[in-house]
Amino acid sequence: MRIAVFVGMALFTAPSLAGPALRAQGQPQTDAQRATAQARQQLFRSKHVPHEAGFRVFIVPDMEGMGSAVDIHEVIAGNEGERYKTLTSPDYWDRFRLLLTKEVNATIAGARLAGARSFVVNEGHGGNMFANVLPWDLDTAAILVRGFPKPLVMITGLDSTFGTLMFTGAHATAGSPGVMAHNFAFDSFTVNGKALNEVGINALMAGEMGVSVSLVSGDDVLIAETKEMIGSEFVPVITKRAVGRMAAITYSPARVRRMLQAGAAEAVRRERQGRIRPFTMARPYRVEFTLRASYPDSVVTAVAGLSEFKLEKLGDRSFRLVTDSAREMGYLLDAIEQAVLR
Amino acid sequence: MSAGRSVGLTAALLACGGALQAQGQPAAAAPPRDTTPPGAYFGVTEYRLARQKLELDTQNSGFTVYIIGDMEGLAAVVRNATEMRPVDRGGTPQHERFRQELTDEVNAVIAGARAAGATQFIVNEGHGGTLFRNILPEQLDPEAILIRGYPKPIVMSTGLNPKVDAMMIVGAHANAGSPGVISHSFAFDSFTVNGRQLNEAGIAAFIGGEMGIPMILAAGDDALTAETREMLGPLETVTVKTVFSGSAAAGLSPARVHGQLRAAAARAVRRARAGQLKPLVLDRPYHVRFCLRRGYVRDDWVRTTVGRLPGVADGGTPGCFVFTTASAEEVGNLLNEIEWTVLKP
């Protein structure tokens, strides 16, 4: 259990990463400063990745579901905050960065074989503050979104110009028997009463943009639960079978890359044949979530105080948001992240 | 310039190691101040000397390009704490890979400029992460002259002289207050000349402009390239990343960035040789107005010391000052003295 808590925390408990000038200024205090911060937030939310012609693929690589990865030391850099300092070793995280990058390259190669021409990779893993892929070893055609914070977290930069969305190295949801299972900052997260994992939450936001999920890779638990949540039209790639929260029967990195390449090619073919539908749900969305029991009360207070969203408090650490916009749900995820940081 | 360099400089130069302060956050109980006037370390005389020395090595004919290499605007850079500082200054080993990237980007613009007929290359270290020793000398184009180390007079324009034909800046970051990755500007929250906002690239262009040297290429994130075109006109720019927060961006592959830098540097030199890129020339006298970074404004000693620098007058708002002169070089020297002042313990 603790492991799962630690891994998930990596996404949400890192130190402030504002530039030095901003850090020196601290939190906005006057009305003018608040207005400036708000204007900047609107600007960042409205930005797009550079446009490219051809079939566009948006790839979200996470680390816990990669082939071979079983232990937190393999996915944490050690600079995410005090409690992570001892949870890394250069023999582990550095090595897995390269494996991660190669998994993404294999996915791009497969998609390219099936005719894709534009690739955006958005770091989905919070280790090293969303900077795990090695930029110099990544396929040179790819645009890489790295760093933190970013407005839509795991799908920052996605828009309706993309032909498909793929998740590699994804992990199973909080409380499930998957390797390093967790779900953002939550012990539970449902929309209209339906439990969603990280893939599902992002699939809903993407679905609203008309973009569907064509490939998901991770352990067997993740694949099974994701089919339940968003349907089984996507191409599944099982990288390993979980036999414990930090143990798995895993395929070799080379074999995983082969499966990802073949899977991504099949995924693009399915998309181009119109065989995969975007994941949608009935509006308004009734979003209900419970913050992790392991978070201090100050986090709950901060989330309760998020004035941008009309949150209803349902219990000690449970809230409800009713909205017609999945994008607003994404902004809420980002805001909760900020609240956890404070 | 790295906003985070003050810590290491202070410790290294004045042997005050241990009392490390966060950038822009003067310690509450300040230790005794070193009140040595800036001129005693380096000032007008030394800048002149540096200029004369570089002039000896600057060719009389051909086309000489002066390249400033900063780091925050390099491909893939998003985070100050882990990527812009070496281990011995509170950073991580990740910094080392970005030194290579800096060297590669400088080499790319040299290759492009050479293809368009440039014949001499002077490279000035513009980032303080390792005390202005970031470029890997053995991997830099062997024909380039490299200016490295600190202190050096007018850090980002050291040795600039009228024999130089054009300036370029790579790895540049956006101005203080701009929505860019690790955006900042020297010790300032704002810096204007005759009412025009200038970022670090703009200030270098202003100092070079008086000698007739145009800034012909700037590379960095989309905030930097947009604001620099606004400040300096239609110079060549390479946007290496699109900003999503002060520490997140969508970046092109380094390999693609190098290709774009080569092409842009070649275009820039061709346009400069055809007389299409003009130096930044402002009306004299220059009315400089600057506001210190908020962290420095709270530091009484820094505020007072800067206020007493020769020619500096109160700007009406606490921490803001005005300075009027007919010489851009004097503005450079003022910058130098302010930098020296804020770096003291």
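The rules behind the values
- Within each chain, residue numbers correspond to sequence positions counted from 1 in written order.
- Starting at A for chains and at 1 for ligands, labels are handed out in the order in which the entities are written.
- Where totals are concerned, whole chains, interfaces and linings use all residues; where local detail is concerned, this predicted model gives features only for residues with pLDDT of at least 70, and gives and counts side-chain atom pairs only at 80 or more.
- Strands here mean DSSP runs of E at least two residues long; helices mean DSSP runs of H or I at least four residues long; both are numbered from the N terminus.
- The exposure scheme places C-beta atoms from the backbone and then counts, for each residue, the other C-beta atoms within 10 Å of its own, assigning buried at 20 or more, exposed at 12 or fewer, and partly exposed in between.
- Any residue pair is listed as a contact if its two C-beta atoms, each placed from the backbone, are within 7 Å.
- Charged residues are taken to be Asp, Glu, Lys and Arg, nonpolar residues to be Ala, Val, Leu, Ile, Met, Phe, Trp, Tyr, Cys and Pro, and polar residues to be all remaining types, Gly included.
- A pair of strands is treated as paired once DSSP finds two or more bridges between them.
- Lines fitted to C-alpha atoms define the axes here, with helix axes fitted over just the stretch in contact, and angles between the N-to-C directions of these axes take values from 0 to 180 degrees.

The helix and strand tally for chain B stands at eleven helices and twelve strands. Counting every position in chain B, which comprises 345 residues, the buried fraction comes to 58%. For chain B, contacts bridging at least 24 residues in sequence account for 72% of all contacts bridging at least 6.

What follows concerns the interface of chain B and chain A. Listed per partner, the contact involves 34 residues of chain B and 34 residues of chain A. For the side of chain B that touches chain A, the secondary structure elements donating two or more residues are α4 (80–83), β8 (236–245), β9 (248–251), α8 (254–273) and α9 (294–297) of chain B. The element contributing the most residues to the side of chain B that touches chain A is β9 of chain B, with four residues. For the side of chain B that touches chain A, the per-class residue count stands at 14 nonpolar, 16 polar and four charged. Note: strand β3 (residues 143–147) of chain A against β9 of chain B, four bridges, orientation antiparallel. Residue pairing for β9 of chain B: V145 of chain A is matched across the bridge by A250 of chain B.

Quick look at the sheet that holds strand β11 (residues 312–314) of chain B now. Here we have five strands laid out as an open sheet, ordered β6-β5-β10-β12-β11 (chain B), and antiparallel in their pairing. The sheet terminates laterally at β6 (196–197) and β11 of chain B, the two strands that pair on one side only.

Residue and element names in this part refer to chain A. Looking at chain direction, strand β5 (residues 186–191) and strand β10 (residues 285–291) are connected through five bridges and run antiparallel. Each residue of the ladder has a partner; that of T190, found in β10, is E288. Bridging between β10 and strand β12 (residues 318–323) involves six bridges; their strand directions are antiparallel. Counterpart to V287 in the pairing with β12 is L321.

A separate point is the sheet that holds β12 of chain A. Residues and elements named next belong to chain A. Taken together, five strands build an open sheet; the order of strands is β6-β5-β10-β12-β11 and the sheet is antiparallel. Looking at the sheet topology across the chains shown, the edges are occupied by β6 (194–195) and β11 (311–313). Along the sheet, helix α8 (residues 297–304) makes contact with β10, β11 and β12, crossing β10 at roughly 160°.

Coordinates in, geometry out; function isn't part of it.
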